[in-house]
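Listed here are the chains, written in short residue letters.
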Amino acid sequence: MQDFTQEFTIALGLIFTGDPELWAIVLLSLKVSVWAVFIAALIGMPLGAGLAVGRFPGRRALIVLINALMGLPPVVVGLLVYLMLSRSGPFGVLQLLYTPTAMIIAQVVLVTPIIAALTRQVVETLAVEYDEQLRSLGVSRLSSVPVLLWDGRMALMTALLAGFGRAIAEVGAVIIVGGNINHVTRVMTTTIALETSKGNLALALALGAVLIALAVSVTGAVSVLSLRGERQGLGHA
Amino acid sequence: MRDFSVMTDHPILSVRGLSIARDGKALLGVDHLDLDGPGPTIILGPNGAGKSLLLRCLHGLITPDRGTVTQGGQTLTDQVRAGQAMVFQRPVLLRRSVAGNLDFVLRRRGLSRAARKTECEGLLAQGGLEDKARQSARSLSGGEAQRLAILRALACKPSVLFLDEPTSALDPQATQEIEQMVLRASDQGLRVVMVTHDIGQARRLARDVVMMHGGRVVEQGLAAQMFAAPENGMIRRFLSGGLMV
Ligand SMILES: Nc1ncnc2c1ncn2[C@@H]1O[C@H](COP(=O)(O)OP(=O)(O)OP(=O)(O)O)[C@@H](O)[C@H]1O
Ligand SMILES: [Mg+2]
């Protein structure tokens, strides 16, 4: 017990004295996950919107596929990205394995289905509601997409935050493709896993606290946004 | 632009051989209907009479199984439809501010920023919503929301305006405000076609009336004559406040 108290004290010290190693790890985590969510949004949002308003063969199958991809086990994604990027893999020449870029790629694969599926849901619901009104105003199916994305912005923000939450808390995939190399690819989750197993609880605890704080803020932001969204939706539909 | 006298050989709106059926049940069957003159035209009828369906056909939102709708002799191309606007029975306001809802339409007309601002302010004043410009459209009261829906339709600068029971859920005060807006627009030359099942409202607004029942037009004529001497027994019952079943 005595030990833990001491580790706690050190952990607090690490956080509040601005320990450079700790904050370098936090910063890299944020950098990787923000990039991953940004790229996933660039792919997932148009994809989701296209699935919501588009009418083409195979659309239903694609929707089912993306919903299924939401539940991909991160370790398997890590393995697949590893195979792609490894020296003998198809993208081996790029020498991306064990770089932050590899971790971004893995997180993009994990987060894109989430953003695409949520975007589809949001846009499709709005599209049904807006259908006749937009057609009355002469808005074509294609040009309705930006309108629907903009009017669904609250719910879409929630989708992005959900994606970010998944990315930042993920450990299985990034540890495989990132390798957890000190000062290069060490992010919060992988460091916690490593330091805990080494018995260096102070750093693990400090990172754990930062991670929890981040997770709580994201969840908080999501619920505030959905509350606001609901309030906006109240009244005369 | 809104001078219909140049098109005297074609009625403003014309329906021929129109029919819609679903699951073997005829929902709408309008063989011959011409809407002409300055309006407002009021389409009257009980629930399920097919009023909303007819309005949707006139606005080109649904393609009938058979039959044609023409405006001024032209079929409802996108260009013709751009001259129409509609206020729905349940208006859908965009999740934006009150001004944002108007600006959406003004933008589509390709107006400059300055022109949009001027026109937006004019419209808001017309609907008594000046002090609500920044408010979220979704937080408006029922009457305000309906006024905004009408203003947004007017912002399209249409020559024909369809309204589907715009006051069915409003109190007398809000109803009166809407009726005044509609009359003002009609006086300024806008061709109004409005659905209601409120007989008093029909008497206050209508120049001519189309009576519907069971998906068919059962009577059509000038309001003054129709309300004075209805030909049809069913209509007489409806007009005298009886239930039409
Ligand atoms: N898409 C549809 N599929 C099947 N039936 C429909 C469809 N749309 C309308 N109907 C039916 O057509 C009939 C006429 O509907 P419509 O909405 O035009 O009535 P209305 O005269 O506007 O009535 P209200 O005064 O209640 O608004 C109704 O019986 C309705 O159930
Ligand atoms: Mg109706």
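Check the entry above for the structure.
Residues numbered from 1 in each chain as written. Chains lettered and ligands numbered in written order. Predicted model: local features only at pLDDT ≥ 70, side-chain atom pairs only at ≥ 80, totals over all residues. Heavy atoms only, no water.

### Quick notes on the sheet that holds strand 4 (residues 66–71) of chain B
Residues and elements named next belong to chain B. Note the following rule: By definition, two strands form a pair when at least two bridges between them are found by DSSP. Secondary structure elements follow DSSP: runs of H or I of four or more residues count as helices, runs of E of two or more count as strands, with numbering from the N terminus. Residue contacts follow a heavy-atom distance rule, with two residues in contact if any of their heavy atoms lie within 4.5 Å. Axes here refer to lines fitted to C-alpha atoms; in helices the fit is confined to the stretch in contact. Angles between the N-to-C directions go from 0 to 180 degrees.
Strand order in this open sheet of four strands is 2-1-4-5, and the pairing throughout is antiparallel. On the outer flanks of this sheet lie strand 2 (25–35) and strand 5 (74–75), each paired with one strand and no other. Pairing of strand 4 with strand 5, which is carried by two bridges, proceeds in the antiparallel orientation. Within the sheet, the bridge partner assigned to Thr-70 lies in strand 5 and is Thr-75. Along the sheet, helix 1 (residues 51–58) makes contact with strand 1 (13–22), strand 2 and strand 4, crossing strand 2 at roughly 55°.

### Overview of the pattern of salt bridges
Note the cut-off: Think of a salt bridge as a Lys or Arg side-chain nitrogen and an Asp or Glu carboxyl oxygen that are within 4 Å of each other. Each residue's exposure class comes from its accessible area (1.4 Å probe, protein chains only) as a fraction of the maximum for that residue type: buried when under 20%, exposed when over 50%, partly exposed otherwise.
Enumeration according to the criterion identifies 21 salt bridges over all chains in this entry. Arg56(B) is the salt-bridge partner of Glu132(A), the closest N and O atoms lying 2.7 Å from each other. Here the residue Glu132(A) occupies a position in helix 5 (residues 100–136), and Arg56(B) occupies one in helix 1, the pair thus bridging two chains. Given a relative accessible area of 19%, Glu132(A) falls into the buried group. For Arg56(B), a relative accessible area of 22% gives the class partly exposed. A salt bridge links Asp151(A) to Arg96(B), with the shortest nitrogen-to-oxygen separation between them at 2.7 Å. In this pair, Asp151(A) sits in helix 6 (residues 144–151) while Arg96(B) sits in the loop between strand 6 (84–87) and helix 3 (98–108), so the two residues belong to two different chains. Taken individually, Asp151(A) and Arg96(B) each receive the classification buried, so the pair is uniform in this respect. Through salt bridges with shared partners, a single ionic network connects Arg59(A), Arg120(A) and Glu124(A).

### Notes on empty space enclosed by the protein
Short version of the rule: Buried and open spaces are told apart on a 1 Å grid over the protein atoms alone, a cavity being a set of points where a 1.4 Å probe fits but cannot get out and a pocket being an open set with protein on both sides within 12 Å along at least five of seven lines. Residues with an atom within 4 Å of a point are the lining residues. Grid points are joined across faces, edges and corners, and a volume is the space filled by probe spheres set on the points. Polar here means any residue outside two lists: the nonpolar Ala, Val, Leu, Ile, Met, Phe, Trp, Tyr, Cys and Pro, and the charged Asp, Glu, Lys and Arg; Gly therefore counts as polar.
On inspection of all chains with the given rule, the structure shows three cavities of 30 Å³ or more. Its boundaries defined by the atoms lining it, the largest cavity holds a volume of some 60 Å³. If you go around the largest cavity, the residues you meet are Gln133(A), Ser136(A), Leu137(A), Ala85(B), Met86(B), Val87(B), Phe88(B), Pro91(B), Ala149(B), Arg152(B), Ala153(B) and Cys156(B). Mapped onto the lining of the largest cavity, the elements with two or more residues apiece are helix 5 of chain A together with strand 6 and helix 5 (142–155) of chain B. When grouped by side-chain class, the residues that make up the lining of the largest cavity number nine nonpolar, two polar and one charged. If you go around the second largest cavity, the residues you meet are Ser29(A), Val32(A), Ser33(A), Gln107(A), Ala167(A), Ile168(A), Glu170(A), Val174(A), Val187(A), Met188(A) and Thr189(A). Only helix 2 (20–53), helix 7 (153–169) and helix 9 (188–198) of chain A provide two or more residues apiece to the lining of the second largest cavity. At three residues, helix 2 of chain A tops the list of elements feeding residues into the lining of the second largest cavity.

### Details of the sheet that holds strand 6 of chain B
All names here are of chain B. The strand order across the open sheet built from six strands is 6-7-8-3-9-10, with neighbouring strands paired in mixed fashion. Of all strands in the sheet, those with a lone pairing partner are strand 6 and strand 10 (216–222), marking the two edges. Across the sheet, the axes of successive neighbouring strands diverge by a mean angle of 15°, strand direction being ignored. Note: strand 3 (residues 41–44) against strand 9 (residues 208–213), four bridges, orientation parallel. Counterpart to Ile-43 in the pairing with strand 9 is Val-210. Sheet strands in contact with helix 5 are strand 6 and strand 7 (160–164), and its direction is about 175° off that of strand 6.

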